[in-house]
Structure formats: structure tokens, C-alpha cells
Amino acid sequence: MKTEALAYTPLVKTLWPKRTLARDLSLILAGSLFVALTAQVAIPLPFTPVPITLQTLGILLVGAALGSRLGFLALLAYLLEGAMGLPVFAGGTGGVARILGPTGGFLLAFPLAAGLVGLLVERFGLDRSFFGTLLAMLLGNALLYLVGLPWLGAWLVGVGKFTGIGGLLARGLFPFLPGDLVKAVLAALLLPTAWRFLGRK
């Protein structure tokens with residue numbers, strides 16, 4: 001029974017088991033800074049305002065490692081840092097205008113995606129197998145698109161560039177699916193390796 005309970009413990013509780021306010025704040029800050037770092041790897045595309053970045057990998061890993069509550073708060077802190085003008089968004093940008101822009105829906109979905117992945121890890125232990133972790137990451141990715149695509153569509157309508165659902169998917173979904181799959185596979189390989197390194201079964 002004890003072994004079963006350990007299987008549903010987020011990675012952070014293994015690394016730093018004693019929960020304190022200082023620990024939680026440190027992990028929230030570290031998670032937000034990690035996502036900010038991954039956001040600096042950005043490749044702009046000429047046909048869409050949405051760049052290719054490593055943000056997704058950072059978001060999902062933070063959610064899996066910190067758990068639902070701290071993962072959500074870490075990404076909320078990330079958004080607040082960006083809203084304050086700190087250069088934490090893709091390509092070293094920041095400011096409220098970025099949140100209100102075409103990628104704002106994706107940005108606002110970051111805490112939700114991290115929280116979802118953390119919840120899947122905590123409740124179902126999906127980080128204990130390759131396919132379980134892959135499923136958690138893909139579900140987190142799907143949530144980003146569920147929020148981000150309608151926002152992008154509304155923005156395109158507002159600037160007179162909306163060309164239909166096909167055009168929206170061509171700008172906000174199809175170009176990113178291969179990279180998202182690669183990042184999900186990478187995360188699926190990374191988390192179980194971390195557990196084995198810590199001696200957890």
C-alpha cells in the first residue's frame with residue numbers, strides 16, 4: 001500500500017519532501033524562469049503570428065514536475081512577469097500587449113495546461129511509463145489549442161485576416177503538430193528516467 005501511494009507523488013515531493021512556504025515560492029519562481037528560458041528559443045514563421053518555441057516543453061515539464069497546484073501557480077507567475085514587461089515571452093518580449101495579441105489565448109492557457117498535466121501525474125501516475133507520460137503531454141497540448149485557436153481566430157477576424165477554419169488551422173495548428181509530437185516524446189522519455197535515477201519504482 002505504501003509503495004502504491006508513492007507512485008502518485010509528484011517529482012518535486014521526492015526532491016524536497018518537506019513542504020514550506022519558502023519551498024513553494026522557490027519552486028514557483030524556478031518553474032516560471034525555466035519556461036521563460038525555453039521561450040527564448042523561438043522561430044518566427046512568415047505566414048503566422050504564432051512562432052515555434054520550446055515553451056510547450058517547458059510548460060508541460062513544469063506541470064509534471066511540480067504537480068497541479070504549483071505548476072499552475074508557476075505559469076501564472078510567468079504570465080504576471082510578462083505582463084509587468086519582463087522579457088519572458090517568446091523572443092525576449094513582454095508586456096500586456098503580447099497577452100492581448102494573437103498568441104494571447106495560448107499564453108493564458110499555459111497555467112491550465114501545466115495544471116492539467118500535474119493533475120494527471122498526481123491522480124493517475126501517468127509519468128511512470130512512456131505512453132502514460134506521452135498521453136499526459138498530448139492532453140496538455142490539446143488544451144493549449146482548445147484555448148489558443150479560438151483566440152487567434154477572433155484576433156484574425158478583428159484585423160480582417162480571417163480566411164476560414166482551414167486558414168486558422170494552417171496558421172495555428174498544422175505547422176506545430178510535428179514539433180509538439182517531438183516535444184511530447186522527449187518529455188515522455190525524460191520523466192521516467194528521472195524517476196529511475198531517484199530509485200523510485
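Structure: see above.
Residues numbered from 1 in each chain as written. Predicted model: local features only at pLDDT ≥ 70, side-chain atom pairs only at ≥ 80, totals over all residues. Heavy atoms only, no water.

J.: Give a description of the packing of helix α7 (residues 104–124) against helix α8 (residues 130–158) that names residues and reports values.
T.: Viewed as axis vectors pointing N to C, α7 and α8 meet at an angle of 155 degrees, and their least axial separation amounts to 8 Å. In terms of orientation, α7 lies roughly antiparallel with respect to α8. Every pair of crossing elements has a handedness; the one defined by α7 and α8 is right-handed. Facing Gly104, Gly105, Phe106, Leu108, Ala109, Phe110, Leu112, Ala113, Leu116, Val117 and Leu120 of α7, the residues of α8 in contact are Ala136, Met137, Leu139, Gly140, Leu143, Leu144, Tyr145, Val147, Gly148, Leu149 and Trp151. When grouped by side-chain class, the residues that make up the contact of α7 with α8 number 18 nonpolar, 4 polar and no charged. (Axes fitted to C-alpha atoms, helices over the stretch in contact; angles between N-to-C directions. Helix = DSSP H or I, 4+ residues; strand = E, 2+ residues; numbered from the N terminus. Parallel < 35°, antiparallel > 145°, perpendicular 65-115°, else oblique. Left-handed = near helix turned anticlockwise from the far one by under 90°. Contact = heavy atoms within 4.5 Å. Nonpolar A, V, L, I, M, F, W, Y, C, P; charged D, E, K, R; others polar.)

J.: Explain the packing of aromatic side chains to me, and be specific about the residues and the numbers.
T.: Any two aromatic rings considered together are summarised by their centre-to-centre distance and by the angle between their planes. For the structure shown, the criterion picks out 4 aromatic pairs. Between Tyr78 and Phe89, the ring centres sit 5.5 Å apart and the planes meet at 70 degrees, which makes this aromatic pair edge-to-face. Remark: Phe89 occurs in the loop between α5 (68–83) and α6 (96–100) and Tyr78 occurs in helix α5; sequence separation between them is 11 residues. This pair shows no difference in class: Tyr78 is buried, exactly as Phe89 is. Grouped by ring-pair contacts, the aromatic residues Tyr78, Phe89 and Phe110 constitute a single cluster. (Phe/Tyr/Trp six-rings, centres within 6.5 Å; stacked < 30°, edge-to-face > 60°. Buried < 20%, exposed > 50% of the residue type's maximum accessible area, 1.4 Å probe, protein only.)

J.: Please give an account of α8 that cites residues and values.
T.: Taking 1.5 Å of rise per residue, the 29 residues of α8 would be expected to cover 42 Å, and the 42 Å separating its terminal C-alpha atoms lies within 8% of that figure. Maximal helix bending in α8 amounts to about 25 degrees, located at Gly148; proline Pro150 follows within four positions. In the segment just after α8, Gly160 is the residue with positive phi, at about 75 degrees. (Expected span 1.5 Å × (residues − 1). Bend = angle between axes of the 7 residues up to and from the residue.)

J.: Any chance you could break down the pairing of strand β2 (residues 48–53) for me, citing the residues and the numbers?
T.: Sheet topology note: the strand β1 (residues 42–45)/β2 ladder contains 3 bridges and is antiparallel. Bridging across to β2, Leu45 finds its partner in Thr48. Following β1, the chain reverses through 2 residues before pairing antiparallel with β2. (Pairing = 2+ DSSP bridges.)

J.: I'd like a rundown of the pattern of salt bridges, residues and numbers included.
T.: In a structure, side chains of opposite charge can pair up when their charged atoms sit close to one another. As enumerated under the stated definition, the model contains 3 salt bridges in all. A salt bridge links Arg23 to Asp24, with the shortest nitrogen-to-oxygen separation between them at 2.8 Å. Given the relative accessible area of 2%, Arg23 is considered buried. Lys183 is the salt-bridge partner of Asp180, the closest N and O atoms lying 3.5 Å from each other. With Asp180 and Lys183 both in helix α10 (residues 177–197) and 3 residues apart, this pair spans about one turn of that helix. As far as the burial class goes, Asp180 and Lys183 line up, both buried. Taken together, the salt bridges that share partners define one network made up of Arg23, Asp24 and Arg69. (Salt bridge = Lys/Arg side-chain N within 4 Å of Asp/Glu carboxyl O.)

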